[in-house]
Amino acid sequence: MSGGAPGNSGTNSGRGRRPRIGIVGDVRDAIIGPWDEVVSIVPHDYVSAIAAAGGAPVIIPSVEPYDEEPGAALDDLDGIVFMGGKDFDAQIYGAEPHPENDEHDEMRDRVELAIGRAALERRMPILGICRGFQLLNILYGGDLEQHLGDRLDMKPHRDVLGEFTRHMVTIEPGTHLAAAMEASVEEGEVEIASHHHQGAGRLGEGLRVAATAPDGVIEGLEDPRLPFCLGVQWHPEVTAPEDGGRLFRALVDFCSSHPSTA
């Protein structure tokens, strides 16, 4: 995986502007002053991590037009981030939902699947985070282990709901993920922020494992045939701009040196 040196991003040399990085948003209930609202949101940690890395974040709402015409969401973007969120509907990958699963958001599922397929067709740079990591595996024909707690200790991955836990992951040498993490990796390991109860099950065709937890849970996936298609089960936006920021800088730097022609 090629790209500019960390810290040198900030403009797209091919266009004279910052690379535009899309993020598919979520739909949530919110109280804003005296108003009860339904809002399209992206947690600010993602937005600020992309901006700090030199990118220009663009929020894509989860609405029907982007399910029907996903290319419209990608036009004029240089890369895309699929962020964390609720569990996917297990029926998408041919399974019955586990009792521990979240109530899924059908529209967001449809929009992200459609945009993900379109992004892969365009060979657009992709960074999948937590749910986005799981999205990549689904897009490549894999499935998910719906509740890790059925077979192992959940504490390293999700101890308390609403709080991130920290544990080490081992990055596989020679992978695109290892190149992206660079100096963050010490003797092949890095500490990450985690909050998930699902994981990759059957690996999608063409994907390779790029990182694992000490208990064997897959923590990183990538398509080695594409120049930038990474997924991490952890939350690098939480530890940006330090270790986590390197993944966002790697994405932005790659987009800077490989500007979109759309």
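Draft legend 1. Up close: the side chain of R108. Looking at the secondary structure, you find R108 in helix α4 (residues 106-121). Owing to a relative accessible area of 1%, R108 belongs among the buried residues under this scheme. There is a polar contact of 3.3 Å between the side chain of R108 and the side chain of D26.

Draft legend 2. Geometry of the sheet that holds strand β11 (residues 208-212). Here nine strands make up an open sheet; going across it, the order is β4-β1-β5-β6-β13-β12-β11-β8-β9 and the pairing mixed. Unpaired on one side and paired on the other, β4 (56-60) and β9 (189-194) mark the two borders of the sheet. Across the sheet, the axes of successive neighbouring strands diverge by a mean angle of 25 degrees, strand direction being ignored. By the bridge criterion, five bridges tie strand β1 (residues 20-24) to β4 in an arrangement that is parallel. In the sheet register, R20 faces β4, and the bridge partner there is A56. The sheet strands contacting helix α8 (residues 245-257) are β1, β5 (79-82), β6 (126-129) and β13 (229-232), and the helix crosses β6 at an angle near 160 degrees.

Draft legend 3. A look at the pairing of β1. Across the five residues that make up β1, a large majority, four, are buried. Across three bridges, β1 lies against β5 in parallel orientation. In the strand pairing of β5, I23 is matched with V81.

Draft legend 4. Region of interest: the packing of aromatic side chains. Summed over the entire model, instances satisfying the criterion amount to one aromatic pair. Arranged with centres 5.7 Å apart and planes meeting at 45 degrees, the rings of F228 and F254 form a pair that is tilted. Here F228 is found in the loop between β12 (218-222) and β13, whereas its partner F254 is found in helix α8, with 26 residues between them in sequence. On the basis of relative accessible area, F254 is assigned to the buried category, the value being 3%. Across the ring face of F88, the terminal group of R131 is positioned such that the distance to the ring centre comes to 3.8 Å.

Draft legend 5. Examining a negative patch on the surface more closely. A cluster of acidic residues, D153, D159, E163 and D215, forms a negative patch on the protein surface. Examined against the element boundaries, D159 turns out to sit in the loop between β7 (144-145) and β8 (165-171).

Draft legend 6. Region of interest: the nonpolar core. Ranked by size, the top nonpolar core spans 33 residues in total, and within it L127, I129, L177, W234 and L247 carry the most contacts. It is α8 that provides the largest number of residues to this core, a total of seven residues. Excluding anything up to four places from it in sequence, L247 contacts L127, L177, A180, M181, F228, L230, V232, W234 and P236. With 31 residues, the next largest nonpolar core counts A73, F88, V111 and L226 among its residues.

Draft legend 7. Just the pattern of salt bridges, in detail. In total, this model carries 13 salt bridges according to the counting rule given. When the shortest N-O distance is used, the salt bridge between E106 and R110 registers 3.8 Å. Residue E106 and its partner R110 are located together in helix α4, separated by four residues, close to a single helical turn. Residue classification places E106 among the exposed positions, given a relative accessible area of 51%. With a closest N to O distance of 2.7 Å, R131 and E112 form a salt bridge. Here the residue R131 occupies a position in helix α5 (residues 131-139), and E112 occupies one in helix α4, the gap between them amounting to 19 residues. Taken together, the shared-partner salt bridges connect D26, R28, R108, D109, E112 and R131 into one network.

Draft legend 8. Highlighting the pairing of strand β2 (residues 26-32). With seven bridges connecting them, β2 and strand β3 (residues 35-41) associate as antiparallel partners. Following the sheet pairing, D26 is matched in β3 by I41.

Draft legend 9. The arrangement of the packing of α4 against α5 in detail. One can describe the packing of α4 onto α5 by two numbers: an axis separation of 10 Å at closest approach and a directional angle of 65 degrees. Note that α4 runs across α5; the crossing there is right-handed. Of the residues in α5, those touching α4 at R108, D109, E112, L113, G116, R117 and L120 are R131, L135, I138 and L139. Tallied by class, the residues present in the contact of α4 with α5 amount to five nonpolar, one polar and five charged.

Rules and cut-offs
Residues numbered from 1 in each chain as written. Predicted model: local features only at pLDDT ≥ 70, side-chain atom pairs only at ≥ 80, totals over all residues. Heavy atoms only, no water. Helix = DSSP H or I, 4+ residues; strand = E, 2+ residues; numbered from the N terminus. Buried < 20%, exposed > 50% of the residue type's maximum accessible area, 1.4 Å probe, protein only. Polar contact = N/O pair within 3.5 Å; in protein donor to acceptor, adjacent residues only side chain to side chain. Pairing = 2+ DSSP bridges. Axes fitted to C-alpha atoms, helices over the stretch in contact; angles between N-to-C directions. Contact = heavy atoms within 4.5 Å. Phe/Tyr/Trp six-rings, centres within 6.5 Å; stacked < 30°, edge-to-face > 60°. Lys NZ or Arg CZ within 6 Å of the ring centre and 35° of its normal. Patch = residues over 30% accessible without salt bridge, like charges linked within 9 Å, V, L, I, M, F, W, Y side chains within 5 Å. Areas by Shrake-Rupley, 256 points an atom, 1.4 Å probe, with all protein chains shown as cover. Salt bridge = Lys/Arg side-chain N within 4 Å of Asp/Glu carboxyl O. Lys, Arg positive; Asp, Glu negative; His and termini not counted. Charge placed at Lys NZ, Arg CZ, Asp CG, Glu CD. Core = buried A, V, L, I, M, F, W, Y, C linked by side-chain atoms within 4.5 Å. Left-handed = near helix turned anticlockwise from the far one by under 90°. Nonpolar A, V, L, I, M, F, W, Y, C, P; charged D, E, K, R; others polar.

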